[in-house]
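Take a look at the letters that make up each chain.
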Amino acid sequence: QELTYYWKMGFWNPAQALKQSMTIVHTAGLVGPINAAKAGVLAIAQRTAMTDWNGLKEVTKDVVRELGLNEKHYEWMTEDLRRIGFGKMGREFANRADNLEGQYIKTKFGTVLDHSTVFVKAGEEFSRRTAWNAAYMEFLAKTNNKRPNDAQLSAILDRADLLNNNMSHASNAAWNTG
């Protein structure tokens, strides 16, 4: 199973970044192309802002303003995404029941294999962040820009999972979990 996964999904395959990120087409179909585009730009901004370079953080603030969004809402969106973990990409895919677990036996070859999935992880992370941002923006529009509580965050997460084609580990059927 491991070798098949790496052969099909990873092993330094740049095309996987595009394949995995194509889920945003589904997101755009459900929330509209304008909102999906805004959510996608925010996904890139969120990922960029994770660096330690302050110049990029300032550019991110400019992007948020250019999109016509409130910086406070962007900060909530990003903080809640980080807290919930929907945007994290480790070794978690719907057909694997090892959410964010590392290898038990580390070898140089295993490390190379893990790093070889950089493209598939980047594409999936982009799709998840886009879906999360779109769901969060829908929530803000419906609630007159109020900060969501934990129960409402759960509803946003369910909507984001739906916008991401239910491709997270949470959407596995009972027979897929082992």
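Structure's up top.
Because the structure is a prediction, the values reported are computed rather than measured.

## Remarks on the environment of Tyr-5
Piece 1. Mapping Tyr-5 onto the fold places it in helix α1 (residues 2–9).
Piece 2. Note: C-alpha distance between Tyr-5 and Thr-117 (112 residues apart in sequence) is 9.7 Å.

## Some details on α1
Piece 1. Residues of α1 that are buried include every one of Tyr-5, Tyr-6 and Met-9, and no others. One side of α1 carries all its buried residues, which in axial view fall inside an arc of 95°. Turned more than 90 degrees off the buried face of α1, the exposed positions are Leu-3, Thr-4, Trp-7 and Lys-8.
Piece 2. In the core, the buried residues of α1 are packed alongside α2 (15–21), α7 (108–115) and α8 (118–142).
Piece 3. Count one or two residues on from α1 and you reach Phe-11, which has phi positive near 50°.

## Structural notes on the nonpolar core
Piece 1. Of all hydrophobic cores here, the largest spans 24 residues; its most connected members are Leu-42, Met-77, Trp-132, Tyr-136, Ile-156, Ala-160 and Leu-163.
Piece 2. Counting only elements with at least two residues in this core, the list comes to α4 (33–49), α6 (71–84), α8 and α9 (150–163).
Piece 3. Sorting elements by how many residues they give to this core places α8 first, with eight residues.
Piece 4. Among residues more than four places away in sequence, those in contact with Ala-160 are Phe-86, Ala-131, Trp-132 and Ala-135.
Piece 5. In terms of nonpolar packing, the next biggest core, distinct from the first, is built from five residues, Tyr-5, Met-9, Leu-113 and Val-120 among them.

## Quick notes on the packing of α6 against α9
Piece 1. Close contact between α6 and α9 brings their axes to 12 Å; oriented N to C, the two are set at 85°. Taken together, the axes of α6 and α9 are roughly perpendicular relative to one another. Taken together, the residues of α9 that come into contact with α6 (itself represented by Asp-80, Arg-83 and Ile-84) are Asp-150, Leu-153 and Leu-157.
Piece 2. Taken together, the residues of the contact of α6 with α9 sort by class into three nonpolar, no polar and three charged.

## Some details on the pattern of salt bridges
Piece 1. Overall, the coordinates contain 10 salt bridges when judged by the stated rule.
Piece 2. A salt bridge links Arg-147 to Asp-80, with the shortest nitrogen-to-oxygen separation between them at 2.9 Å. Taken together, the residues Arg-147 in the loop between α8 and α9 and Asp-80 in helix α6 connect sequence positions 67 residues apart.
Piece 3. For Arg-128, the salt bridge goes to Glu-124, with nearest N and O atoms at 3.2 Å. Of the two residues, Arg-128 and Glu-124 are both situated in helix α8; the distance of four residues between them amounts to about one turn of the helix. One exposure class covers both Arg-128 and Glu-124, and it is buried.

## Considerations on helix α3 (residues 23–31)
Piece 1. Here α3 has its buried residues at Thr-23, Thr-27 and Val-31. One side of α3 holds all its buried residues, which, seen down the axis, span an arc of 60°. α3 presents Val-25 and Gly-29 as exposed residues on the side facing more than 90 degrees away from its buried surface.
Piece 2. Along its buried surface, α3 packs onto α2, α4, α8 and α9.

## So, the packing of aromatic side chains
Piece 1. Tallying each qualifying case throughout the model produces one aromatic pair.
Piece 2. Both rings, one in Trp-132 and one in Tyr-136, keep their centres 5.7 Å apart while their planes meet at 45°; by these two values the pair is tilted. Here Trp-132 pairs with Tyr-136, and both are found in helix α8, just four residues apart, close to one helical turn.
Piece 3. When the ring centre of Phe-86 is taken as reference, the NZ or CZ atom of Arg-128 above it lies at 5.4 Å.

About the criteria used
- Residues numbered from 1 in each chain as written.
- Predicted model: local features only at pLDDT ≥ 70, side-chain atom pairs only at ≥ 80, totals over all residues.
- Heavy atoms only, no water.
- Helix = DSSP H or I, 4+ residues; strand = E, 2+ residues; numbered from the N terminus.
- Buried < 20%, exposed > 50% of the residue type's maximum accessible area, 1.4 Å probe, protein only.
- Arc of directions from axis to C-beta.
- Contact = heavy atoms within 4.5 Å.
- Core = buried A, V, L, I, M, F, W, Y, C linked by side-chain atoms within 4.5 Å.
- Axes fitted to C-alpha atoms, helices over the stretch in contact; angles between N-to-C directions.
- Parallel < 35°, antiparallel > 145°, perpendicular 65-115°, else oblique.
- Nonpolar A, V, L, I, M, F, W, Y, C, P; charged D, E, K, R; others polar.
- Salt bridge = Lys/Arg side-chain N within 4 Å of Asp/Glu carboxyl O.
- Phe/Tyr/Trp six-rings, centres within 6.5 Å; stacked < 30°, edge-to-face > 60°.
- Lys NZ or Arg CZ within 6 Å of the ring centre and 35° of its normal.

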